[in-house]
Amino acid sequence: MSVAGPVELTTPIASIPGVRKEHAERLARIGVPNVGHLIAHLPHRHEWVRAEAGIAEIAAESITSVRGEVSATRMTGFGKKARFQAVLMDGTGRLDLVWFNQPYLKGRIHPGMRLRVQGKAARYGLGLQMVNPKFEVLDPTETEPDKADSDELRPVYPVTEGLTSEQVRAIVGRVLDAALPLIEDHLPEDLRRERSMPSLRDAYRMMHRPASDEEVKAARRRLAYDELLLFQLGVHMKRAHLRQTMKAPALERTDAIEARIRERMPFELTDAQKRVVGEIASDLAQDVPMNRLVQGDVGSGKTVVALDAMLRAIAHGHQAALMAPTEILAEQHFLSISAMLEGSSVRVALLTGNLGAEERARVLAGLADGSVDLVVGTHALIGEQVGFRSLAVVVIDEQHRFGVEQRAKLRVKGSVADTGAGAFDTPHVLVMTATPIPRTIGLTLFGDLDISTIDALPPGRTPVTTRTVTSERRGEVYQWVRTRLDAGDQAYVVVPAIDTGASSGEDELRDLRTVQAELEAGELRDKRIAALHGRLKRETREHIMARFRAGSIDVLIATTVIEVGVDVPNATVIVIEHADRFGLAQLHQLRGRVGRGNKPGACVLIADPKTDDAIERLKVMVETTSGFDLAERDFAIRGPGDVFGTRQSGVPPFRIADPVKDTALLDFARRDAAAWIALNPTLAGADDALVRRRLIRVHGPWLGLGDVG
Ligand code: ADP
Ligand code: MG
């Protein structure tokens, strides 16, 4: 059954003898155009297929597989009581099949059809019966799959419409023996032995044609290690490249500068803030480009830490930029930083997407000629026309909201021009996040970042109390909110949407307009209520935020535009409508809007959760106020696939490895990669050519490795 002619990894599937054109097309559609891709198209699981018997040979009470023709079908009962029966004949005997509660089978199984079924047969009376067997329809236009003579571990492949796992298995079977010898291993022999890994060739064979469960395990281990190793090699290579070939300006620490910065701080920094400021300052004092992550829970005071770093650039005659993920947050940073720098010589500007043409031109000119020292903005900062005279420090706030490419772009903005303040290649980069990376994997996965942690809150904070209530009790909630407003506090009410068009079919979704109308007419009648969302014009939004900050609005009804960063200490209550619709990280961020001053904060989650996940998320919110614990539990609920699988987090998804469960492998991969890159930082040379090629293919784009070496 193997191919006769020479097979290459680049041979198109369609050229494999015996493969039908439409199967080749369907494989191409799911990203498998040629033999090499086919070998890399791994089964997502394996299944024991029992040796097939004739019906007459079936032993009762053991799991068996048989094939035969359906001679009759019958449907009785309805709904949960539905019972679908079929009679299977194979020339040696008769087997009765019964499926409970699967009425749709009536449309799938018909007399005359050939089936292969697997299940446990039982005698009843004189007959033989299988209840709820697994079944597979044998396609009359295909040659029937081989009978398994003995129990066999079969791969189950990812498929698409019109292509079954069995068909993929047959195609793999045609080329596997010819293709395996063509697979070269990128892992040095001694490393492979040290880690007790099978060769790549063996690993692929064991995935596609395993002899045992142990082989599947060994193969999986090797391929998962490979994924983690390539990733770690990329991370370490990038770090080595940055540190060895790029120069950032050395911003020396002097007593005068320290004193001037301290003067600008409106409060005494906490010990945690002081420690992190110190770590950053000593990075900045060197010409090795800083690449540091500051993680600190919501409200821990990251903004002043960022300001401190930026002022160090400005003190040395350079510029600094702070990029925030939303306009509201950029505007707020601009206001609070301007306030802290009032009366100083530092010139601060705001650059967002909706500046007027004239204002925008003025800001751009100021960045280019150096008359703006510090710019706060959104991703408008990485726009093409934006150029700096001498950008030395870049801060990215809420970094998890940006992709890696966006971060890389801002780094590129700080480039070479000799400004008299000294030439350099790249700015120092500080990224900040309140969505901590779980301790268990943080350092390992983000090997290219140094990490500082603000692990304490400013003095006087009391933890926010969190409660969940069902929507029936909404009235009581707002009654209670009213008492807090009467006492002089302010509140946020968060809704998932501005308006739900009539067509959305989400009748029970309470949108911003509905909630606002109800509150204005009901519980919060005579209170000052305003709505804030992303569709408002900037001036309107700024105006509303300014009034809320000044205390002349009592209640802000908002969409998640307030999710990150918004800081109004007198707002102590947040009510989140339809809380089950938000993710855990998002709920925690929203909750972080309160409890930011000296008054205790309260968070009320209104929800009628329907799924187990949603129930679990709400439970975690009530039980945990620490962002770190919460991130770990979020990981446990969603898995790294969701947390890391998104482009937003900037980490490419792993297909096989699971960075949370495969911690031992991850640890090997990290150590092996570090040692490898220490020996050969650019993986130059013939020995490493293969691994380098594979690395660049998988991780080149996101790591920005295209320009390496
Ligand atoms: P986040 O870490 O969430 O970005 P912010 O930087 O917005 O936190 O700070 C939260 C609030 O705490 C702000 O009102 C800020 O002025 C205040 N704050 C920060 N550091 C201190 C401190 N050391 N002492 C008192 N208040 C502080
Ligand atoms: Mg912040």
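## Thoughts on the side chain of H23
Locating H23 in the fold gives a position in helix α1 (residues 21–29). Dropping the residues within four chain positions of it, H23 is found in contact with E142, G162, L163, Q167 and I171.

## With respect to unusual backbone geometry
Of note in the backbone geometry, N101 takes a positive phi value of approximately 55° without being a glycine. Examined against the element boundaries, N101 turns out to sit in the loop between β4 (94–100) and β5 (114–124). Since its relative accessible area comes to 40%, N101 is described here as partly exposed. The backbone of H578 shows a phi angle near 50°, a positive value even though the residue is not glycine. Tracing the backbone through its elements, the reader meets H578 in the loop between β20 (571–576) and α17 (584–591).

## Some thoughts on the packing of helix α9 (residues 302–315) against helix α10 (residues 327–340)
With their axes 12 Å apart at the nearest point, α9 and α10 run at an angle of 60° to one another. Between α9 and α10, the angle is such that the two are oblique. Seen along the crossing, α9 lies across α10 with a hand that is right-handed. Contacts from T303, V304, L307 and M310 in α9 reach H333, I337 and M340 in α10. Its residues placed into classes, the contact of α9 with α10 shows five nonpolar, two polar and no charged.

## Here we look at the pattern of salt bridges
When their charged atoms lie close together, side chains carrying opposite charge are able to pair. Scanning all chains against the criterion turns up 45 salt bridges. With a closest N to O distance of 2.5 Å, E22 and R20 form a salt bridge. Given the relative accessible area of 27%, E22 is considered partly exposed. Of the charged contacts, one joins K527 and D486 as a salt bridge, the two residues approaching to 2.7 Å between their closest N and O atoms.

## Re the site of ligand 1
Surrounding ligand 1, one finds 16 residues, the nearest of these being G299, K302, T303, R461 and D567. Between ligand 1 and the protein, one listed contact pairs an oxygen atom with a backbone N or O atom of G301 at 3.0 Å. Within the contact set of ligand 1, an oxygen atom lies 2.6 Å away from a side-chain nitrogen or oxygen of D567. For ligand 1, whose free accessible area comes to 560 Å², the fraction covered by protein is 85%. Residue composition of the shell around ligand 1, grouped by class: four nonpolar, six polar and six charged.

## Examining the nonpolar core
I13 and L233 are the most contacted members of the largest nonpolar core, which has 53 residues in total. Mapped by element, the contributors of at least two residues to this core are α1, α2 (35–40), α3 (165–179), α5 (200–208), α6 (213–245), α20 (663–679) and α21 (689–703). In terms of residue count, α6 provides more of this core than any other element does, twelve residues in total. When near neighbours in sequence (up to four residues on either side) are disregarded, L233 contacts A673, W676, I677, V691 and L695. Of all hydrophobic cores here, the second largest spans 40 residues; its members include L251, V276, L284 and L350.

## Digging into the side chain of H46
Within the fold, H46 resides in strand β1 (residues 45–49). For H46, the side chain forms a polar contact with the main-chain oxygen of M207, separated by 2.7 Å. Here H46 is in contact with L153, R154, P155, V156, M206, M207, P210 and V216, once residues within four sequence places are set aside.

## So, the sheet that holds strand β17 (residues 490–494)
If you walk across this open sheet you meet the six strands as β16-β21-β20-β17-β19-β18, and the pairing is parallel. Where the open sheet ends on each side, the last strands, each with one partner, are β16 (465–469) and β18 (529–532). Adjacent strand axes in the sheet meet at a mean angle of 20° when their direction is disregarded. Examined bridge by bridge, β17 and β20 share five bridges and lie parallel to one another. The residue of β20 that forms the bridge with Y492 is I574.

What counts and how
- Residues numbered from 1 in each chain as written.
- Chains lettered and ligands numbered in written order.
- Predicted model: local features only at pLDDT ≥ 70, side-chain atom pairs only at ≥ 80, totals over all residues.
- Heavy atoms only, no water.
- Helix = DSSP H or I, 4+ residues; strand = E, 2+ residues; numbered from the N terminus.
- Contact = heavy atoms within 4.5 Å.
- Buried < 20%, exposed > 50% of the residue type's maximum accessible area, 1.4 Å probe, protein only.
- Axes fitted to C-alpha atoms, helices over the stretch in contact; angles between N-to-C directions.
- Parallel < 35°, antiparallel > 145°, perpendicular 65-115°, else oblique.
- Left-handed = near helix turned anticlockwise from the far one by under 90°.
- Nonpolar A, V, L, I, M, F, W, Y, C, P; charged D, E, K, R; others polar.
- Salt bridge = Lys/Arg side-chain N within 4 Å of Asp/Glu carboxyl O.
- Near = heavy atom within 4 Å.
- Polar contact = N/O pair within 3.5 Å; in protein donor to acceptor, adjacent residues only side chain to side chain.
- Areas by Shrake-Rupley, 256 points an atom, 1.4 Å probe, with all protein chains shown as cover.
- Core = buried A, V, L, I, M, F, W, Y, C linked by side-chain atoms within 4.5 Å.
- Pairing = 2+ DSSP bridges.

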